[in-house]
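Architecture and fold: a report
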Amino acid sequence: MTETTGGTGVVWGAAQVRAAVEAYWAAAGARDWSAFAATLADDVVYDLPQSRERILGKERYVRFNREYPGDWQVRAERIVADGEGRQAAARTLVTLGPEETHAIHFFTFDADGRIVGVTDFWPEPYEPPAGREHLVERY
């Protein structure tokens, strides 16, 4: 397995990337926005191709999640990571009230093991709900 030495001197490999994704989901599920933010690079880019939305930057991305309506729950069902310590993918089960849906998420990491990119895919394309225009760009 190839591992990458991060900018902090930490060696990142598949196990560390997997742990970073687990920490991301644990913090999101617990609504611990400080811990969630700690998993992200300042210049993180969040893409939602199906709704044609993009969020640029940690502050906006944390706020997007903090403001997301409803009592949603998320459980990571599977996480796979590359041996280079730069990419991971996750399959989650998201519950909102009685509805359950699966989603696929792709992550990229910087040299320090922080998430610099997240791309989410949901089962169906959809129009974004009103009220988040202040955080997203449409494309």
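See the structure shown above.
Residues numbered from 1 in each chain as written. Predicted model: local features only at pLDDT ≥ 70, side-chain atom pairs only at ≥ 80, totals over all residues. Heavy atoms only, no water.

What to know about the side chain of Arg 132
- Among the secondary structure elements, Arg 132 is positioned in the loop between β8 (115-121) and β9 (137-138).
- For Arg 132, a relative accessible area of 8% puts it in the buried group.
- Setting aside its immediate chain neighbours within four residues, Arg 132 contacts Leu 48, Ser 51, Glu 53, Phe 64, Tyr 68 and Tyr 126. (Helix = DSSP H or I, 4+ residues; strand = E, 2+ residues; numbered from the N terminus. Buried < 20%, exposed > 50% of the residue type's maximum accessible area, 1.4 Å probe, protein only. Contact = heavy atoms within 4.5 Å.)

Focus on the nonpolar core
- If you look at the biggest cluster of nonpolar residues, it comprises 31 residues, and the most contacted ones within it are Tyr 24, Phe 36, Tyr 61 and Phe 107.
- What Phe 36 contacts, discounting residues up to four positions off in sequence, is Tyr 24, Ala 27, Ala 28, Tyr 61, Val 62 and Asn 65. (Core = buried A, V, L, I, M, F, W, Y, C linked by side-chain atoms within 4.5 Å.)

Notes on a nonpolar patch on the surface
- The grouping of Ile 104, Phe 106 and Phe 121 at the surface amounts to a nonpolar patch, some 250 Å² of accessible area in total.
- The residue Phe 106 is located in strand β7 (residues 99-109) in this model. (Patch = residues over 30% accessible without salt bridge, like charges linked within 9 Å, V, L, I, M, F, W, Y side chains within 5 Å. Areas by Shrake-Rupley, 256 points an atom, 1.4 Å probe, with all protein chains shown as cover. Salt bridge = Lys/Arg side-chain N within 4 Å of Asp/Glu carboxyl O.)

What about the sheet that holds strand β4 (residues 53-56)?
- The mixed open sheet is built from seven strands, whose spatial order is β5-β6-β7-β8-β3-β4-β9. Every interior strand has two partners, whereas the edge strands, β5 (72-81) and β9, have only one.
- Pairing of β7 with β8 involves six bridges; the strand directions are antiparallel. Each residue of the ladder has a partner; that of His 105, found in β8, is Asp 120.
- The sheet strands contacting helix α1 (residues 14-30) are β3 (40-48), β5, β6 (87-96), β7 and β8, and the helix crosses β5 at an angle near 175°.
- Helix α3 (residues 58-67) contacts β3, β4, β5 and β8 of the sheet and is inclined by roughly 55° relative to β3. (Pairing = 2+ DSSP bridges. Axes fitted to C-alpha atoms, helices over the stretch in contact; angles between N-to-C directions.)

Comments concerning the pairing of β7
- Across ten bridges, the pairing between β6 and β7 is antiparallel. Each residue of the ladder has a partner; that of Leu 96, found in β7, is Glu 99.
- Between β6 and β7, which follow one another and run antiparallel, lie two residues, and Gly 97 among them has a positive phi close to 65°.
- Hairpin connection of β7 to β8: five residues between the antiparallel strands, including Gly 113 at a positive phi of 80°.

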